[in-house]
Amino acid sequence: MEDWDGAHTFTADGCFHALCVGCMTGAVRTALGSAAAWTEADAAGVECPMPDCPTRMDVSTLKTLVRVSQAALPDPRATHGFMEGGAYKEEPIAPLTHREMDKLEAFLQEAAIPPERKGQCQNIPACGRVLDVPPAAPGAPQWHACPFCNALACRACKRRHHPGRSCGAARA
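A.B. asks: What should I look at first to understand helix H3 (residues 98-111) in this one?
C.D. replies: Since one α-helical turn is 3.6 residues long, residues separated by three or four positions face the same way. An ideal rise of 1.5 Å per residue puts 20 Å on 14 residues; H3 measures up with 20 Å between its terminal C-alpha atoms. Elements that come into contact with the buried residues of H3 comprise helix H1 (21-33), strand S3 (46-47), helix H2 (59-72) and strand S7 (118-120).

Quick look at the structure:
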């Protein structure tokens, strides 16, 4: 087993597992690869990769990991293996990027939206972001504006705003 110094290990808040930065980075990348299937339970963050550990790394902890990984990686001791052309190869683990962090943050925000309130901006392909669409208060407009691009959508059917037409007529 390698002897890792503090600059090359990472411990999530509330967890006592000190893992090499490369291993923790790999665990976060694995989670990012399956993020499209995240549910409300996953909104608390990325799980510690140690078996049976209930700790989840929140956005703040993940941003710290990005900074730490950029300082500590690549490290020749932190590699991941893969098969290529029938041969096993290893390469150093690259640091997490700000773009990966942005994706993780967006997935965590989307996972926090209850399924019955989840909608998508209808300004596709320009925006298309996942949105939290709460029901309208009594007497309030039945439409909402995307907070990212201001496109209007119907709260009831979550499709493009269709003034003067029912949701059924707008679908036809």
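A.B. asks: Quick question: what am I supposed to make of unusual backbone geometry here?
C.D. replies: Residues apart from glycine generally show negative phi values, whereas peptide bonds are mostly found in trans. Put simply, Leu 73 and Pro 74 share a cis peptide bond, and its omega is 0 degrees. Secondary-structure assignment places Pro 74 in the loop between H2 and strand S5 (79-84). At the junction of Ile 124 and Pro 125, the peptide bond is cis and its omega measures out at 10 degrees in the coordinates. In this structure, Asp 52 is a non-glycine residue whose phi angle is positive, near 65 degrees. Looking at Asp 52, the relative accessible area reads 81%, which means it is exposed.

A.B. asks: Just checking my understanding: could you explain the environment of Cys 154 for this structure?
C.D. replies: Mapped onto the elements of the fold, Cys 154 is located in strand S10 (residues 152-154). The class of Cys 154 is buried, set by a relative accessible area of 5%. Residues Cys 154 and Lys 118, 36 residues apart in the sequence, show an inter-C-alpha distance of 13 Å.

A.B. asks: Would you mind going over the pairing of S5 with me for this structure?
C.D. replies: A regular strand places its side chains on the two faces of the sheet in alternate fashion. Sheet topology places S5 next to strand S6 (residues 87-92); 6 bridges connect them, and they run antiparallel. Paired with Glu 84 across the strands is Ala 87, a residue of S6. Taken together, S5 and the strand that follows it, S6, pair antiparallel across an intervening segment of 2 residues, in which Gly 85 is found at a positive phi of about 60 degrees.

A.B. asks: Which parts of the structure should I look at to understand H1?
C.D. replies: Taking 1.5 Å as the rise per residue, H1 with 13 residues should run 18 Å; its terminal C-alpha atoms sit 18 Å apart, in good agreement. Restricting attention to buried positions, one finds in H1 the residues Val 21, Gly 22, Met 24, Thr 25, Ala 27, Val 28, Ala 31 and Leu 32. Structurally, H1 contributes buried residues whose contacts are with strand S1 (9-10), strand S2 (19-20), S3, strand S4 (56-57), H2 and H3.

A.B. asks: What's the story with the side chain of Asp 75 in this structure? I'm lost.
C.D. replies: Of note, Asp 75 is situated in the loop between H2 and S5. Given the relative accessible area of 5%, Asp 75 is considered buried. Within the structure, the side chain of Asp 75 is placed 3.5 Å from the side chain of His 8, a separation counted as a polar contact.

What counts, and at which threshold
Residues numbered from 1 in each chain as written. Predicted model: local features only at pLDDT ≥ 70, side-chain atom pairs only at ≥ 80, totals over all residues. Heavy atoms only, no water. Helix = DSSP H or I, 4+ residues; strand = E, 2+ residues; numbered from the N terminus. Expected span 1.5 Å × (residues − 1). Contact = heavy atoms within 4.5 Å. Buried < 20%, exposed > 50% of the residue type's maximum accessible area, 1.4 Å probe, protein only. Pairing = 2+ DSSP bridges. Polar contact = N/O pair within 3.5 Å; in protein donor to acceptor, adjacent residues only side chain to side chain.

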